[in-house]
Amino acid sequence: MSLLSIIIPAYNEEDNITYISTALKKVLEIEGINYEIIFVDDGSSDLTFAKIKAQNLSSDNIHGYRLSRNFGKEAAMWAGLGKINGDCCIVMDCDLQHPAAVIPRMYRLWQEGYEIVEGIKVRGKESILYKLFSGIFYRLISSLSGFDMRSSSDFKLLDKKVVNELLNLQERNAFFRGLSFWVGFNSTKIEYQVGKREYSKSKWNTFGLFKYGLSNIIGFSAAPLQIVTIIGVLLTLASIGLGIQTLVRFLMGYSLEGFTTVILLLLLVGGGMMISLGIIGLYIAKIYDEVKNRPRFIICESTGEE
């Protein structure tokens, strides 16, 4: 019988561990799906891992791994991918905003032959700022990467062969959501309604989301480097235009109010250069992180340890 692995990254989610474990067991056992649940504690400072241990003692189907510090959600997901025993796996959030009731439908689609089942959000009540930022990010990443990732999420099912290909990728700053599109394979989509958090609050804030989005855009696409070329072309054209204007006014005998023109030109060129250097600097920082070849995460404890 096929085994379904469910990977759940958790950071300070002590109130949700028992809740999600109970919900998943209820749904999967009713559907007769053979499963294992893999929690990855991303360096929580509360009792998250203690709660995971308690669930492990109550069920052989539940396993847990603790990272040595907070490496971030992406690292926790990759840690979980490396520990699955199943023929396919599902990655989902710990707060059940990725609803357990959708999992059997995803599993049945996998049984029909699909190797990737993408969960597509039907957004619930979210702040205007969050919706605006999310919309901008997904439009940017979709246009820059060439993949339609609008309304996509980390909630997805992957066949074991897809997981193996992802784990073979050597890059350190891996964007899981984007790479699951990049690897290809036979895929389909399934819509789900974003659930309500029953316990605790989201760990994301506006700055964290902005940093996460910028990091993934830089890490997944080289298109922003083309902006540097575009800025250079625009500044060159502007300089040529101003040069022609200056020459024409000189030949016509008009005095040129040069001080204001020079100031504006310096501001324009200086601003363009700083933006260009900033973009190049972001890519150099990514290259620096890659060449150090540090591990994505460090597992310091598991529920299998005595």
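Numbering of residues starts from 1 in every chain and runs along the sequence as written. Owing to the predicted nature of the model, reporting of local features is limited to residues with pLDDT of at least 70; listing and counting of side-chain atom pairs is limited to 80 or more, with chain, interface and lining totals taken over all residues. Only hydrogens and water are set aside when side-chain values are computed; all heavy atoms of the structure are taken into account.

(A) Representation of the side chain of D154. The helix and strand labels rest on DSSP assignments: H or I over at least four residues marks a helix, E over at least two residues marks a strand, and numbering proceeds from the N terminus. Within the secondary structure layout, D154 lies in strand β6 (residues 152-159). Owing to a relative accessible area of 2%, D154 belongs among the buried residues under this scheme. In the analysis that follows, any N or O atom pair within 3.5 Å is treated as a polar contact, provided that within protein one partner can donate a hydrogen and the other can accept it, and provided that, for residues neighboring in sequence, both atoms belong to side chains. Among the polar contacts listed, one links the side chain of D154 to the side chain of K73, at a separation of 3.1 Å. Excluding residues that lie within four positions of it along the chain, D154 makes contacts with K73, M77, V91, H98, F176 and R177. Remark: exposure states derive from per-residue accessible area (1.4 Å probe, protein chains only) relative to the maximum for the residue type, with buried under 20%, exposed over 50%, and partly exposed in between. Any pair of residues with heavy atoms lying within 4.5 Å of one another is described as a contacting pair.

(B) Quick peek at helix α3 (residues 73-81). For α3, the buried fraction is high: eight of the nine residues fall into the buried class. By the burial criterion, the buried members of α3 are E74, A75, A76, M77, W78, A79, G80 and L81.

(C) Layout of a nonpolar patch on the surface. What goes into a patch is any residue over 30% in relative accessible area without a salt bridge, connected to like charges within 9 Å or, for nonpolar side chains (Val, Leu, Ile, Met, Phe, Trp, Tyr), within 5 Å. Exposure was quantified through the Shrake-Rupley algorithm and a 1.4 Å probe, taking into account, for residues, occlusion by the shown protein chains and nothing else. Any carboxyl oxygen of Asp or Glu within 4 Å of a side-chain nitrogen of Lys or Arg constitutes a salt bridge here. On the surface, I230, V233, L234, L237, I240, I244, V248 and M252 cluster together into a nonpolar patch covering about 750 Å² of accessible area. For I244, the location among the structural elements is in helix α9 (residues 223-251). Under the relative-accessibility criterion, I244 is labelled partly exposed at 49%.

(D) Region of interest: helix α2 (residues 48-58). Here α2 has its buried residues at T48, F49, I52, Q55 and N56. Down the axis of α2, the buried set is contained in an arc of 115°. They therefore lie on one face. Residues of α2 that are exposed and point more than 90 degrees away from the buried face comprise L57 and S58. Residues of α2 that are buried sit in contact with β1 (4-10), α1 (17-31), β2 (35-41), β3 (62-67) and β8 (299-302). What the arc covers is the set of directions going from the helix axis to the C-beta atoms.

(E) Highlighting the pattern of salt bridges. The full count for this structure, using the stated rule, is seven salt bridges. E31 serves as the salt-bridge partner of R108, at 3.2 Å between the closest nitrogen and oxygen. Highlighted residues: R108 in helix α4 (residues 103-111) and E31 in helix α1, separated in sequence by 77 residues. For E31, a relative accessible area of 37% translates into the label partly exposed. As a salt-bridge pair, K156 and E118 come within 2.9 Å of each other at their nearest N and O atoms. Placement of the pair is K156 in strand β6 and E118 in strand β5 (residues 116-122), with a sequence separation of 38 residues. Accessibility expressed as a relative area gives 0% for K156, which makes it buried. By relative accessible area, E118 is classed as buried at 3%.

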